[in-house]
Amino acid sequence: MHLITARNVSEALYIGLQHLRAYGKWQKTRTGDVLEYPEPVITEYRFPRERVLFYPERDANPFFHLFESIWMLAGRKDVEYLSLFNKRMHLYSDNGVNFNGAYGYRWKTYFKYDQLYMIINHLKTNPESRRAVLTMWDADDLCRSLGDNASKDVPCNTHIYFKIRDGMLDMTICCRSNDIIWGTYGANAVHFSILQEYMASHIGCLVGKYRHLSDSFHAYKKPFEKTLKILDNNHDFLWYDSYIGLKDKCSYKPEPMFPHPEKTDEDIHSFLFYTNNYFLSDGNLKIDIPIYTNTFFKKTAEKMFHAWYKGYIKKDYSTGIEDAEQIQALDWRKASIEWLKRRMLNKYRL
């Protein structure tokens, strides 16, 4: 068992790439050869709310990462909404309509219980408990994994453990199969740290440590070689901490996403309803813009949506970047502007 301790996902990705390059072994899998670390790896984040990646070599899509996280918290499993932001999403669905292993749906509906609120209420009543287990793996998933008609989508992350220590909510995730480029240090770091913040806000405690156990810690050849270029660049002081310098050359502490937990679910559904209908109406939506209690949705998420829509969908990169400059959260603002600028530069190179 190997432990990677990092301040945030940026540092963790750098260290993870170093370890995989030095000690990884090539393995055959059903989806191609992977470079796999020879034993399970635990990644521990001291500041999990520093969840946004800025490495241009990685080119992480901040829009998709955030919008999918919000979609998960709504407990949804539909392909349609995510396909608005990633046209390839249907390739991971068995029927093109729903995802079998959608995490949010498994958190809130699949097992006939809303596990999130069961855990919230349990830890409010029993803050010393070690029984707060969130389940994503079903025994039927083993059956779905076998045979010629095996499902394309069974959960990679199988269980999450929550516990309160020193007034903070710690979270440990168990993952059977973790692609470190797209999963561990990509979407997972965003999705699950937002889940941790959501749970902490409802319970009434601070966000603690986030630990991610990857039983198979691996990467596929092409994305690994592309992202590996991170290690070849010369980085200045505190290169890994992308949050240094975001605000007056000091460390930027992200503002809470859910300061009003009693209204969070309402804000989530309002955001998803608005963005879905805005897209389907081709920007000619006639309904009122939602009024949110948690201002993150109005001042960051909604502004990100408009920046993405104008910049990426309409290819009006200048206007999209102007909208992105109005995003309140400095980390999401930086990532959104840089992602759109890379696409604008690629357009002019063609």
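A.B. asks: Would you mind showing me how to read the state of the cysteines here?
C.D. replies: In protein structure, a disulfide is the covalent linkage between the sulfur atoms of two cysteines. Here the structure, examined in full by the defined rule, presents zero disulfides. No disulfide involves Cys156; its sulfur sits 5.6 Å from that of Cys175, the nearest cysteine.

A.B. asks: Looking at this structure, how should I read the sheet that holds strand β3 (residues 34-36)?
C.D. replies: Here we have four strands laid out as an open sheet, ordered β2-β3-β10-β8, and mixed in their pairing. Since the sheet does not close on itself, it has two edges, and those belong to β2 (25-27) and β8 (178-179), each with one partner. Of the strand pairs in this sheet, β2 and β3 are connected by three bridges, and their pairing is antiparallel. Bridge pairing links Lys25 to Glu36 in β3. Set on the sheet, helix α1 (residues 9-23) makes contact with β2, β3 and β10 (217-220); between it and β10 the angle comes to about 85°.

A.B. asks: Before we go on, may I ask you to explain the sheet that holds strand β4 (residues 41-45) in this structure?
C.D. replies: Hydrogen bonds between backbone groups are what pair the strands of a sheet, and the pairing can be parallel or antiparallel. What the six strands build is an open sheet, ordered β1-β4-β9-β7-β6-β5; its pairing is mixed. What marks the edges here is a single partner per strand, and that holds for β1 (2-6) and β5 (132-135). Direction aside, the axes of adjacent strands within the sheet are offset by 20° on average. In this structure, strand β7 (residues 168-175) lies alongside strand β9 (residues 206-214), joined through seven bridges in parallel fashion. The residue bridging Ile173 from the neighbouring strand is His212, located in β9. Packing against the sheet, helix α5 (residues 115-125) makes contact with β5, β6 (157-165) and β7, and its axis sits at approximately 175° to β5.

A.B. asks: How should empty space enclosed by the protein be read in this particular structure?
C.D. replies: Left-over empty space is what a probe sized like a water molecule reveals as it rolls over the atoms. Taken as a whole and judged by the stated rule, the model has two cavities of 30 Å³ or more. Along its surface, the largest cavity is lined by Arg51, Val52, Leu53, Ala60, Pro62, His65, Gly186, Val190 and Trp332. Counting only elements with at least two residues in the lining of the largest cavity, the list comes to α2 (62-73) and α7 (180-203). Per-class residue counts for the lining of the largest cavity are six nonpolar, two polar and one charged. Roughly 40 Å³ of volume is contained in the second largest cavity. Around the second largest cavity, the lining residues are Leu53, Phe54, Tyr55, Ala60, Ala335, Glu338 and Arg342. Here the residues of the lining of the second largest cavity are counted per class, giving five nonpolar, no polar and two charged.

Thresholds applied
Residues numbered from 1 in each chain as written. Predicted model: local features only at pLDDT ≥ 70, side-chain atom pairs only at ≥ 80, totals over all residues. Heavy atoms only, no water. Disulfide = S-S within 2.5 Å. Pairing = 2+ DSSP bridges. Helix = DSSP H or I, 4+ residues; strand = E, 2+ residues; numbered from the N terminus. Contact = heavy atoms within 4.5 Å. Axes fitted to C-alpha atoms, helices over the stretch in contact; angles between N-to-C directions. 1 Å grid on protein atoms, 1.4 Å probe; cavity = no way out; pocket = protein on both sides within 12 Å on 5 of 7 lines; lining within 4 Å. Points joined across faces, edges and corners; volume = space filled by probe spheres on them. Nonpolar A, V, L, I, M, F, W, Y, C, P; charged D, E, K, R; others polar.

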